[in-house]
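# Breakdown of the fold
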Amino acid sequence: MENKRTSFTSSLGFVLAAAGSAVGLGNIWRFPYLAAKDGGGLFLVVYLILVLTFGFTLLTTEVAIGRKTKQSPLTAYKLIHPKFGWIGALACMVPMIIIPYYCVIGGWVLKYFVAFLTGAGEAAAADGYFTSFITSDHEPIIYMAIFLLATAFIIYLGVDKGIEMVSKILMPVLIIFVVGIAIFSLTIKHPDEAGNIRTGFEGLKIYIIPSLEGKSFKDVIVVIMDAMGQLFYSLSIAMGIMVAYGSYVRDEDNLMKSINQIEIFDTLVAFFAGVMIIPAVYVFMGREGMSASGPGLMFISMPKIFMEMGRVGTAVGLIFFLMVIFAALTSCISILEAIVSSFMDRFGMSRDKATVTETLIALAMGVLVCLGYNKLYFEAPLPNGATAQILDIMDYLSNNIMMPVVAIGTCILIGWAVKPDYVIDEVVKTGTKFGRKNLYKVMIRFIAPVLLMVLLLQAFGII
Ligand code: PHE
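Residues numbered from 1 in each chain as written. Predicted model: local features only at pLDDT ≥ 70, side-chain atom pairs only at ≥ 80, totals over all residues. Heavy atoms only, no water.

### Here we look at helix α14 (residues 294-308)
Put simply, the test is: In this text, helices come from DSSP runs of H or I with a minimum length of four residues, and strands from runs of E with a minimum of two, each type numbered from the N-terminal end. A helix is expected to reach a length of 1.5 Å times the quantity of its residues less one. Bend is computed residue by residue as the angle between axes fitted to the seven residues ending at the residue and the seven residues starting at it. Burial classification: accessible surface area is computed with a 1.4 Å probe over protein chains only, and a residue below 20% of its type maximum counts as buried, one above 50% as exposed, and the rest as partly exposed. Only heavy atoms enter the contact rule, under which two residues are in contact if any of them lie within 4.5 Å.
Counted at 1.5 Å a residue, the expected span for α14 with its 15 residues is 21 Å, and the 20 Å between its end C-alpha atoms agrees. Along α14, the largest kink reaches about 35° and is centred on Ser301; proline Pro303 follows within four residues of it. Inspection of α14 places Gly294, Leu297, Met298, Phe299, Ser301, Met302, Pro303, Ile305, Phe306 and Met307 among the buried residues, and these make up the whole buried set. At its buried positions, α14 is contacted by α2 (25-37), α5 (85-117), α6 (121-125), α7 (129-134), α13 (255-285) and α15 (311-347). A positive backbone phi angle near 85° is found at Gly310, which sits one or two residues after α14.

### Comments concerning the site of the ligand
Quick note on the threshold: Nearness here has a simple test: a residue counts as near a molecule or strand if at least one of its heavy atoms is within 4 Å of that partner. Any N or O atom pair separated by 3.5 Å or less is treated as a polar contact, with the protein-specific requirement of one donor-capable and one acceptor-capable atom, and with residues adjacent in sequence counted only for side-chain atom pairs. For the accessible areas, the method is Shrake-Rupley and the probe is 1.4 Å, while residue cover comes only from the protein chains on display.
Around the ligand, the surrounding shell holds 14 residues, and the nearest of these are Ala22, Leu25, Gly26, Asn27 and Tyr233. Ser21 is positioned with one of its backbone polar atoms (N or O) 3.4 Å from a nitrogen atom of the ligand. A distance of 3.0 Å separates an oxygen atom of the ligand from a polar backbone atom of Leu25. Protein contact buries 100% of the 320 Å² of open area that the ligand shows by itself. Those elements giving two or more residues to the shell around the ligand turn out to be α1 (11-22), α2, α11 (217-234) and α15. Among the elements that make up the shell around the ligand, the one with the highest residue count is α2 (three residues).

### With respect to a nonpolar patch on the surface
The test is simple: Residues enter patches when they are more than 30% accessible in relative terms and free of salt bridges; like-charged ones are connected within 9 Å and nonpolar ones (Val, Leu, Ile, Met, Phe, Trp, Tyr) within 5 Å. Here, a salt bridge means any Lys or Arg side-chain nitrogen found within 4 Å of an Asp or Glu carboxyl oxygen.
Taken together, Ile412, Trp416, Val442, Phe446 and Ile447 make up a surface patch of nonpolar side chains, about 440 Å² in accessible area. The set of elements that each furnish at least two residues to the nonpolar patch consists of α17 (390-417) and α19 (437-459). Here the nonpolar patch takes three residues from α19, the largest share from any one element. Checked against the element boundaries, Val442 lands in helix α19. You can call Val442 partly exposed: its relative accessible area is 40%.

### Thoughts on the environment of Met309
Examined against the element boundaries, Met309 turns out to sit in the loop between α14 and α15. Along the sequence, Met309 and Val166 sit 143 residues apart, while their C-alpha atoms lie 32 Å from each other.

### A look at the side chain of Ser258
Mapped onto the fold, Ser258 is located in helix α13. In this structure Ser258 touches Ser11, Phe14 and Val15, once residues within four positions along its chain are discounted.

### Brief notes about the pattern of salt bridges
Summed over the entire model, instances satisfying the criterion amount to 14 salt bridges. With its nearest N and O atoms 2.8 Å apart, the salt bridge here joins Lys37 to Asp226. Taken together, the positions of Lys37 in helix α2 and Asp226 in helix α11 put the pair 189 residues apart, joining distant regions of the chain. A residue is classified by how much of its surface remains accessible, and Lys37, at 37% relative accessible area, is partly exposed. Put simply, Asp251 and Lys70 hold a salt bridge, and the shortest N to O gap is 3.0 Å. A residue pair is termed long-range when its members are at least 10 positions apart, and Asp251 in the loop between α12 (241-246) and α13 and Lys70 in the loop between α3 (41-69) and α4 (73-80) qualify at 181 residues.

### Concerning α15
In this model α15 runs 55 Å from its N-terminal to its C-terminal C-alpha over 37 residues, within 8% of the 54 Å that 1.5 Å per residue would give. Most of α15 sits out of view: 27 of its 37 residues are buried. Looking one or two residues past α15, Gly348 carries a phi angle of roughly 65°, positive in sign.

### Considering the packing of α2 against α3
Rules: The angle between two axes is taken between their N-to-C directions and runs from 0 to 180 degrees, where each axis is a line fitted to C-alpha atoms and a helix contributes only its stretch in contact. Each angle is binned into one of four classes, with values under 35 degrees roughly parallel, values over 145 roughly antiparallel, values of 65 to 115 roughly perpendicular, and all other values oblique. Under the scheme applied here, ten amino acids are nonpolar (Ala, Val, Leu, Ile, Met, Phe, Trp, Tyr, Cys and Pro), four are charged (Asp, Glu, Lys and Arg), and all others, including Gly, are polar.
Orientation of α2 relative to α3, taken along the N-to-C sense of each, is 120°, at an axis distance of 7 Å. On the basis of the axis angle, α2 is oblique to α3. Within the contact between the two elements, α2 uses Phe31, Leu34 and Ala35 and α3 uses Phe43, Leu44 and Tyr47. Class assignment of the residues belonging to the contact of α2 with α3 gives a composition of six nonpolar, no polar and no charged.

### Considerations on the packing of α17 against α19
Short version of the rule: Crossing handedness is defined as follows: a turn of the near helix away from the far one that is anticlockwise and smaller than a right angle gives a left-handed crossing, while the clockwise case is right-handed.
Relative to each other, α17 and α19 sit at 155°, their axes nearing to 9 Å. For the element pair α17 / α19, the angle class is roughly antiparallel. Crossing geometry of α17 relative to α19 is assigned as left-handed. Contacts between α17 and α19 involve Tyr396, Asn400, Ile401, Pro404, Val405, Ala407, Ile408, Cys411, Ile414, Gly415 and Trp416 from the former and Tyr440, Ile444, Arg445, Phe446, Ala448, Pro449, Leu452, Met453, Leu456 and Ala459 from the latter.

### Observations regarding the packing of aromatic side chains
This is how it is decided: Between 30 and 60 degrees the pair is tilted, below 30 it is stacked and above 60 it is edge-to-face, where a pair is any two Phe, Tyr or Trp rings, Trp via its six-membered ring, whose centres lie within 6.5 Å. In this analysis the charged atom, NZ for Lys or CZ for Arg, is taken to sit over a ring once it is within 6 Å of the ring centre and within 35 degrees of the ring normal.
Going through the model one piece at a time under the given rule, you end up with 28 aromatic pairs. Ring geometry for Phe133 and Tyr143: centres 6.2 Å apart, planes at 80°, overall edge-to-face. Here Phe133 is found in helix α7, whereas its partner Tyr143 is found in helix α8 (residues 139-157), with 10 residues between them in sequence. Over the aromatic face of Tyr282 sits the side chain of Arg198, whose NZ or CZ is 5.7 Å from the ring centroid. Stacked on the ring of Trp416, the Lys or Arg Arg445 has its end atom at 4.1 Å from the ring centre.

### Focus: the environment of Glu193
Looking at where Glu193 falls in the secondary structure, it is placed in the loop between β1 (189-191) and β2 (197-199). Taking relative accessible area as the criterion, Glu193 reaches 77% and is therefore assigned exposed. Separated by 92 residues in the primary sequence, Glu193 and Met285 place their C-alpha atoms 9.9 Å from one another.

### Some thoughts on the nonpolar core
What counts, and what does not: To form a nonpolar core, buried Ala, Val, Leu, Ile, Met, Phe, Trp, Tyr and Cys residues must be joined to one another through side-chain atoms within 4.5 Å.
By size, the foremost hydrophobic cluster in this structure holds 168 residues, and its most contacted members are Ile28, Phe54, Trp108, Phe232, Met276 and Phe320. Among the elements that take part in this core, α5 stands out by supplying 20 residues, more than any other. With residues up to four places along the chain from it excluded, the contact list for Phe320 reads Ile28, Ile181, Met276, Ile277, Met298, Met302 and Phe306. One finds Leu382, Ala388, Tyr396 and Ala459 within the second-largest nonpolar core, a separate group that totals five residues.

Here it is in structure tokens:
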């Protein structure tokens, strides 16, 4: 079995595939917003510290588990310790819940890309366009299905010819697009209502200069919690993905180096997404415009901003939405692969059969998510105070509840049940040094589980 498992053909292939998973909608529609809200550079510094400690610990753990067991999430945890098989089951359910709604959002991005491509950018920027699109009968379902089928096709092609190949092409292009739009964003100028010129550089200052102004101790805690929640989601941990990808890493590859590169890639893209978005939002919408994140930012504010830019706006919008498609697609393939590899390892299915099975399940659930804005519309209250439709409920369950539970379980398994050396030995077996070994031990046993517990309690609205 071990010998037959396919693998990434190079460590670069693994790094780009894992970075492709990590770089997603979160980097683009949530990171910049949190940074602007949480005191600019203050958030950036806190985030960076957490990447190097908390993020590093969880990412290393999952990739090492994958490579050591050569199993996908559903079977890996049980192999490590018979009492911990439940983590695998939960870690496999998370991507099964995420993939339908991720494809629905992917479909929305595709729709906006098509709108900008066909010269309908103006219409897409008009008030009410987004709501009327997502509440319409068939269109969201069709776009979701296209996005899902494209993902399924790449997974069907396999680890090296599908995932690795696509990541090696899309990720470098994505970097060029993000940096290109970021530079453009710094050059824009526009008068505000009073006729004063606002510039992209002023927006950049809001983003990167740390501001502690008016911040109490409690606010600083909020910044830390925001950064941690964002990081956790951004690195694609606690949903089996990094275990699945880790299981395809060759035994001779240097894990430490790859993990550092993935973290740098993900953080740089998030940073540049901020340089791309914050100055543009500031110039055209002022500070008030910065309160939008998520779909509101991506599908309402951004199209308006592109149209304000005049003639270049259509081109910039087109590149922007193409870049978001790349980011979402490389994340989506990692979600599907976590499930498909689990089905293959657990039930002995072929890749084709596992892909078709999960695609059909995701398609059915995706239709339900779309109908959540149409025939199945309701407003449900969540414990954290938000009102939710089907999409939000699935997002809440997977991200806020199940993922922290998976991560806490992983910390207990590695930190206490089998001991941190399980992971450390896997990392150093190629003769590489484990740079932050003591930090790792303290993090995995004590600090990470406590931080994750706080995240979980926050999700339940307890703190
Ligand atoms: N890490 C991705 C991001 O930052 C999100 C993601 C979620 C990826 C779920 C895979 C699975 O947007």
